[in-house]
Amino acid sequence: MSLIQQTLCSSFSFIFQTHFPNNPSSKPSLFLSTSKSFPSFSIFATPSTSHSSSHIFLPFLEEAQQQELETDYPKSQELEREEEEDDMKDPIIRFFKSRPSIPDPPRQGKLSLQKNRRSSWHLASDSRSLTDSEPESDGEDILSEAKQQTDSTPEDSTEPSGIVGEILQIAKNLPENSTLGELLGSYQGKLSEKECLEVLVLMGKEGLLLGCLYFFEWMGLQEPCLVTPRACSVLFPALGRAGMGDKLMVLFRNLPQSKAFRDVHVYNAAISGLLCSERYDDAWKVYEAMEANNVQPDHVTCSIIVTIMRKTGRSAKDAWEFFERMKRKGVKWSAEVLGAIIKSFCDEGLKNEALIIQSEMEKKGVASNTIVYNTLMDAYSKSNQIEEVEGLFTEMKAKGLMPTSATFNILMDAYSRRMQPEIVEKLLLDMQDMGLKLNAKSYTCLISAYGRQKKTSDRAADAFLRMKKVGLKPTSHSYTSLIHAYSISGWHEKAYTAFENMQREGIKPSIETYTALLDAFRHVGDTQTLMKVWKLMISEKIEGTRVTFNTLLDGFAKQGQYVEARDVISEFGKIGLQPTVMTYNMLMNARAFYYHKHMVKSGQVPDVKSYEKLRSILDVQAAKQNKRDRSAILGIINSKMGMVKAKRKTKKDEFWKYKTKHRKTPDVAHGGQQ
């Protein structure tokens, strides 16, 4: 035990001398070198010779060329054997080839509930999906099991009392230039390991992370030592959530080398904390140390590492290969692993494959939870496949799974893309009836649903006020949806006021926010404010997208400010956005319309040939923003050329709607020639 005390004491000396040099109460102590490095083991090392007896995976991931019959140029048997050997090295193809030889049901990509689905909401016709300014919100709910492992201390809603409450009050009211350990001298020998855990949990909830570190140091200096693996499992995730991954790594490297601390829950807590603080390289180092110390990973380890692989850009194939390796180590299937794997596949657009993985795992006794269904629903929602989203929601409820706020937010986002605010309103009421708490994202979906239509932009503003009235703080996405609503209605002044309110509240605008604001002033031709917003964007180091580039270019070019348009091309070229065919089309069309407007204002009318050229331009260009110009120019052309005919008022045939138009079909016998 004295060795543990010396090790922990040295660890804290390193932390507080390195990260808190201004602490006046710090005293010189023995410095423990942390230069010892763990052996590096690649996670894709040569696998063991034992193979899993239960593989699953999809045979249709093979290339389509391998499925065709090449009768004209048959391959030799030797080449076929080589290709089969290469395929069997691929874990995904091996996964699916090993599935039972039971014929798959038709249309695997569709849901069985689709046929007899009863929906309480009316689905609109397939309208054009609008671009959603909200990026993907990626909550790490699949780590709930890890949280249960680490935060295993029972929660108590009552105010802590006794010695635990006293220490918590001392930590809350800590005098300046003092540390918690200095004020706990009278508590030596009075605290148990369980009470120390309660103190750590409560201080973590209160956000007293420095107090947690000092208290952890004090625990290591007691006799007997109060630091346990459970205490590490509580502290490490709390440090990660607070972004203190560097301090977490120092504590981890200086943990005692006793067998008690070589526990999978300690390693899971460290990896989970480093994931939360986005220190992915350090998380890999902890996992490699876990392998070097022969600590057996579990399903939580697997789910966290798969999530880290997805965060660092690794493919779903890499994630599955790692999962196969974990199976050879004896890791069991679980809902957490299932959620992490399905999320990796969904992010790559492999939704049908994710559905089959879910089905195969359920056959093995691993039931899907709400988080798995939320992941699948979100993937289909982003593909504008609302019927599949509804089918998954119905299937989830049929299995007795309770929808969460995230479930309803995904549904509302899906109907928001379809511009059906009445359904979003109904879902909000359903949430309240189920006792679920509405959050900012719930109202943002409603704002977006109203704001996508010009005639309901005022109701988007009302939804925004409703959100603030119930005490919810708007997010960057909420303001972006509101600014977009003002933009499409031509309320550029209100859009700018909303932008200023956003900055005043300390909410940082995103690139989607700036793009929506630029579009508002592009519509009204206010190039001065357009330039002002663009300069602000540059000063805030917000990098634009292709949509931002086209918005600025079109706004300047249509007002004849070609020098500014050239500057836009130059600036965006520096970040790799080079002009395209659309760029030059916008410039040419804008120049033609600009000079046409000046001619009309000066009372001059171009000749018939010039109008014919303008008309040909308009016929080629079918963009929305030119509809007004098209209507105006066609009206002038028709009036000047004498093509305007008086409309005759005739009585409609009452059977007009039953008339059908007969299309002329080509004569097949004459090769389609008329």
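Model, not experiment: these values are computed from the prediction. (Residues numbered from 1 in each chain as written. Predicted model: local features only at pLDDT ≥ 70, side-chain atom pairs only at ≥ 80, totals over all residues. Heavy atoms only, no water.)

## Some details on the overall build of the protein chain
Piece 1. Counting secondary structure elements, the protein chain contains 31 helices and 0 strands.
Piece 2. Looking at the protein chain as a whole, 46% of its 674 residues are labelled buried.
Piece 3. Surface accessibility of the protein chain: about 37,000 Å² in total, with carbon and sulfur atoms responsible for 51%. (Helix = DSSP H or I, 4+ residues; strand = E, 2+ residues; numbered from the N terminus. Buried < 20%, exposed > 50% of the residue type's maximum accessible area, 1.4 Å probe, protein only. Areas by Shrake-Rupley, 256 points an atom, 1.4 Å probe, with all protein chains shown as cover.)

## Notes on helix 28 (residues 562-573)
Piece 1. With 12 residues, helix 28 should cover 16 Å at 1.5 Å per step; its first-to-last C-alpha distance of 16 Å lies within 8% of that length.
Piece 2. By the burial criterion, the buried members of helix 28 are Tyr562, Ala565, Val568, Phe572 and Gly573. Here the buried residues of helix 28 occupy an arc of 125 degrees about the axis, which is enough to place them on one side. (Expected span 1.5 Å × (residues − 1). Arc of directions from axis to C-beta.)

## Observations regarding the side chain of threonine 228
Piece 1. Inspection of the secondary structure puts threonine 228 in the loop between helix 8 (209-220) and helix 9 (229-241).
Piece 2. On the basis of relative accessibility, which here comes to 13%, the residue threonine 228 falls in the buried class.
Piece 3. Aside from chain neighbours lying at most four places away, what touches threonine 228 is Glu193 and Phe261. (Contact = heavy atoms within 4.5 Å.)

## Some thoughts on the pattern of salt bridges
Piece 1. For the structure on display, the rule yields 22 salt bridges.
Piece 2. With its nearest N and O atoms 3.7 Å apart, the salt bridge here joins glutamate 206 to lysine 172. Residue glutamate 206 is located in the loop between helix 7 (193-205) and helix 8, and its partner lysine 172 is located in helix 6 (residues 162-172); the two are separated by 34 residues in the primary sequence.
Piece 3. Across the pair glutamate 395 and lysine 399 runs a salt bridge whose closest N-O atoms are separated by 3.5 Å.
Piece 4. Via salt bridges that share partners, Asp519, Arg522, Asp554 and Lys558 belong to a single interconnected network. (Salt bridge = Lys/Arg side-chain N within 4 Å of Asp/Glu carboxyl O.)

## Observations regarding the confidence of the model for the protein chain
Should the pLDDT be low somewhere, the predicted coordinates at that spot are not to be read in detail.
Piece 1. When pLDDT is averaged along the protein chain, the result is 76; 64% of the residues meet or exceed 70.
Piece 2. Element-level pLDDT for the protein chain is lowest in helix 2 (residues 64-67), with a mean of 41, against a maximum mean of 95 in helix 21 (residues 440-451).
Piece 3. Here residues 150-156 scores under 50 on pLDDT; set against residues more than four positions off or in separate chains, the count is 11 contacts. (pLDDT = per-residue confidence, 0-100.)

## Let's talk about the packing of helix 14 (residues 316-328) against helix 15 (residues 335-347)
Piece 1. Two elements in contact, helix 14 and helix 15, have axes whose closest approach is 8 Å; the angle formed by their N-to-C orientations is 155 degrees. It follows that helix 14 is roughly antiparallel to helix 15 by the angle criterion. Once helix 14 is placed against helix 15, the crossing between them reads as left-handed. Taken together, the residues of helix 15 that come into contact with helix 14 (itself represented by Ala316, Ala319, Trp320 and Phe323) are Val337, Ile341, Ser344 and Phe345.
Piece 2. Within the contact of helix 14 with helix 15, the residues separate by chemical class into 7 nonpolar, 1 polar and no charged. (Axes fitted to C-alpha atoms, helices over the stretch in contact; angles between N-to-C directions. Parallel < 35°, antiparallel > 145°, perpendicular 65-115°, else oblique. Left-handed = near helix turned anticlockwise from the far one by under 90°. Nonpolar A, V, L, I, M, F, W, Y, C, P; charged D, E, K, R; others polar.)

## A few points about unusual backbone geometry
Piece 1. With an omega of 0 degrees, the peptide bond running from glutamate 223 to proline 224 counts as cis.
Piece 2. Locating proline 224 in the fold gives a position in the loop between helix 8 and helix 9.
Piece 3. The phi torsion at asparagine 177 lies on the positive side, around 60 degrees, for a residue other than glycine.
Piece 4. With respect to the helices and strands, the residue asparagine 177 is situated in the loop between helix 6 and helix 7.
Piece 5. A residue is classified by how much of its surface remains accessible, and asparagine 177, at 57% relative accessible area, is exposed.
Piece 6. Positioned with a positive phi, methionine 419 is a non-glycine residue whose angle comes to about 60 degrees.

## Thoughts on the packing of helix 19 (residues 405-417) against helix 20 (residues 421-433)
Piece 1. One can describe the packing of helix 19 onto helix 20 by two numbers: an axis separation of 9 Å at closest approach and a directional angle of 170 degrees. Comparing the axis directions of helix 19 and helix 20 gives the class roughly antiparallel. Contact with helix 19, carried on its side by Ser405, Phe408, Leu411, Met412, Tyr415 and Ser416, involves Ile423, Val424, Leu427, Leu428, Asp430 and Met431 of helix 20 and no other residues of that element.
Piece 2. Classifying every residue of the contact of helix 19 with helix 20 by side-chain character gives 9 nonpolar, 2 polar and 1 charged.

## A few points about the environment of isoleucine 371
Piece 1. Position of isoleucine 371 relative to the elements: it lies in helix 17 (residues 370-382).
Piece 2. Separated by 31 residues in sequence, isoleucine 371 and alanine 340 place their C-alpha atoms 9.9 Å apart.

## A few points about the packing of aromatic side chains
Piece 1. Per the stated rule, a full pass over the model turns up 14 aromatic pairs.
Piece 2. Judged by centre distance (6.1 Å) and plane angle (80 degrees), the rings of tryptophan 284 and tyrosine 287 are edge-to-face. On the criterion of helical spacing, the pair formed by tryptophan 284 and tyrosine 287 is a turn pair, its members being 3 residues apart in helix 12 (residues 280-292). The exposure classification of tryptophan 284 matches that of tyrosine 287, with both residues buried. (Phe/Tyr/Trp six-rings, centres within 6.5 Å; stacked < 30°, edge-to-face > 60°.)

## Notes on the environment of leucine 221
Piece 1. You can see leucine 221 is positioned in the loop between helix 8 and helix 9.
Piece 2. According to the relative accessible area criterion, leucine 221 is partly exposed, its value standing at 45%.
Piece 3. Taking the C-alpha atoms as reference points, leucine 221 and glycine 181, 40 residues apart in sequence, are found 9.8 Å from one another.

## Concerning helix 18 (residues 386-398)
Piece 1. With 13 residues, helix 18 should cover 18 Å at 1.5 Å per step; its first-to-last C-alpha distance of 18 Å lies within 8% of that length.
Piece 2. All of the buried residues along helix 18 are Ile386, Glu388, Val389, Glu390, Gly391, Leu392, Phe393, Glu395 and Met396.
Piece 3. Turning to helix 18, the residues buried within the fold contact helix 16 (351-363), helix 17 and helix 19.
Piece 4. The positive-phi residue at the C-terminal boundary of helix 18 is glycine 400, with phi of around 85 degrees.

## What to know about the nonpolar core
A general tendency of soluble globular proteins is for nonpolar side chains to be buried together.
Piece 1. Counting residues in hydrophobic clusters, the biggest one holds 155 residues, and the most contacted among them are Phe215, Met219, Phe236, Ile308 and Ile341.
Piece 2. Among residues more than four places away in sequence, those in contact with phenylalanine 215 are Ile167, Leu180, Leu184, Leu191, Cys196, Val199, Leu200 and Met203. (Core = buried A, V, L, I, M, F, W, Y, C linked by side-chain atoms within 4.5 Å.)

## Here's the deal with the side chain of serine 334
Piece 1. Secondary-structure assignment places serine 334 in the loop between helix 14 and helix 15.
Piece 2. Each residue touching serine 334, except ones within four places of it in the same chain, is listed here: His299 and Val366.

## Details of the state of the cysteines
Piece 1. Under the counting rule described, the total for this entry stands at 0 disulfides.
Piece 2. Here cysteine 225 is not disulfide-linked; the sulfur of cysteine 232 is the nearest cysteine sulfur, at 9.4 Å.
Piece 3. On the basis of relative accessible area, cysteine 225 is assigned to the buried category, the value being 6%. (Disulfide = S-S within 2.5 Å.)

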